[in-house]
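# Working through the structure, step by step
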Amino acid sequence: MNLSIELVPTQEKPIWLVHACGMTFSFSDQASAATFAAKLEERVNAPHILPQETQKHWVVEHFRMLRGAW
C-alpha cells in the first residue's frame with residue numbers, strides 16, 4: 001500500500017493530508033495524521049482469514065474469470 005503524509009500550508013492553519021489507496025484524508029495536526037496512517041497500515045497488514053465457503057466461492061469465480069465466462 002502506498003501511504004504518504006503531506007503538509008499543506010494555508011493562510012489560516014496548516015493542513016496535514018494522508019494519501020492512501022487513491023483517497024485523501026485531511027487532519028488539522030501532524031499527530032492525528034500520523035496516528036491515522038499508522039492504524040490504517042496496521043489494519044491493512046493484519047492477517048485476514050476468509051471462511052472456507054467464501055474461499056470456495058472465489059476459487060470458482062476466479063476460474064470463470066480466467067476462462068472468460070461471465
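Right above here is the structure, for reference.
Read on for a plain summary of the structure.

### A short note on the sheet that holds strand β1 (residues 3–8)
Within a sheet, adjacent strands bond to each other through the backbone by hydrogen bonds, running parallel or antiparallel. Strand order in the open sheet made by the three strands is β1-β2-β3, with antiparallel pairing throughout. Looking at the sheet topology across the chains shown, the edges are occupied by β1 and β3 (23–27). Recorded for the sheet is a direction-independent mean angle of 25° between the axes of neighbouring strands. Of the strand pairs in this sheet, strand β2 (residues 15–20) and β3 are connected by five bridges, and their pairing is antiparallel. The residue bridging V18 from the neighbouring strand is F25, located in β3. Lying on the sheet, helix α1 (residues 30–45) is in contact with β1, β2 and β3; it crosses β2 at an angle near 15°.

### As for α1
Taking 1.5 Å of rise per residue, 16 residues should cover 22 Å, and α1 covers 22 Å from first to last C-alpha, within 8% of that figure. Among the residues of α1, the N-terminal cap falls to D29, whose side-chain oxygen and the backbone nitrogen of A31 are separated by 3.3 Å.

### Structural notes on the pattern of salt bridges
Tallied over the full model, the rule gives three salt bridges. Of the charged contacts, one joins K56 and E53 as a salt bridge, the two residues approaching to 3.6 Å between their closest N and O atoms. Placement of both K56 and E53 in helix α2 (residues 52–67) is noted, with a separation of three residues, approximately one turn of the helix. Judged by its relative accessible area of 47%, K56 falls in the partly exposed class.

### Some details on the environment of L17
As for its placement among the helices and strands, L17 is situated in strand β2. Through-space distance from the C-alpha of L17 to that of H62 is 36 Å; in sequence the pair is 45 residues apart. Not counting residues within four places of it along the chain, the set of residues in contact with L17 comprises S4, I5, E6, V8, T24, F25 and S26.

### Details of unusual backbone geometry
Here the phi dihedral of C21 falls at roughly 55°; this positive angle occurs in a residue that is not glycine. Mapping C21 onto the fold places it in the loop between β2 and β3.

What counts, and where the lines are drawn
Residues numbered from 1 in each chain as written. Predicted model: local features only at pLDDT ≥ 70, side-chain atom pairs only at ≥ 80, totals over all residues. Heavy atoms only, no water. Pairing = 2+ DSSP bridges. Helix = DSSP H or I, 4+ residues; strand = E, 2+ residues; numbered from the N terminus. Axes fitted to C-alpha atoms, helices over the stretch in contact; angles between N-to-C directions. Contact = heavy atoms within 4.5 Å. Expected span 1.5 Å × (residues − 1). Polar contact = N/O pair within 3.5 Å; in protein donor to acceptor, adjacent residues only side chain to side chain. Salt bridge = Lys/Arg side-chain N within 4 Å of Asp/Glu carboxyl O. Buried < 20%, exposed > 50% of the residue type's maximum accessible area, 1.4 Å probe, protein only.

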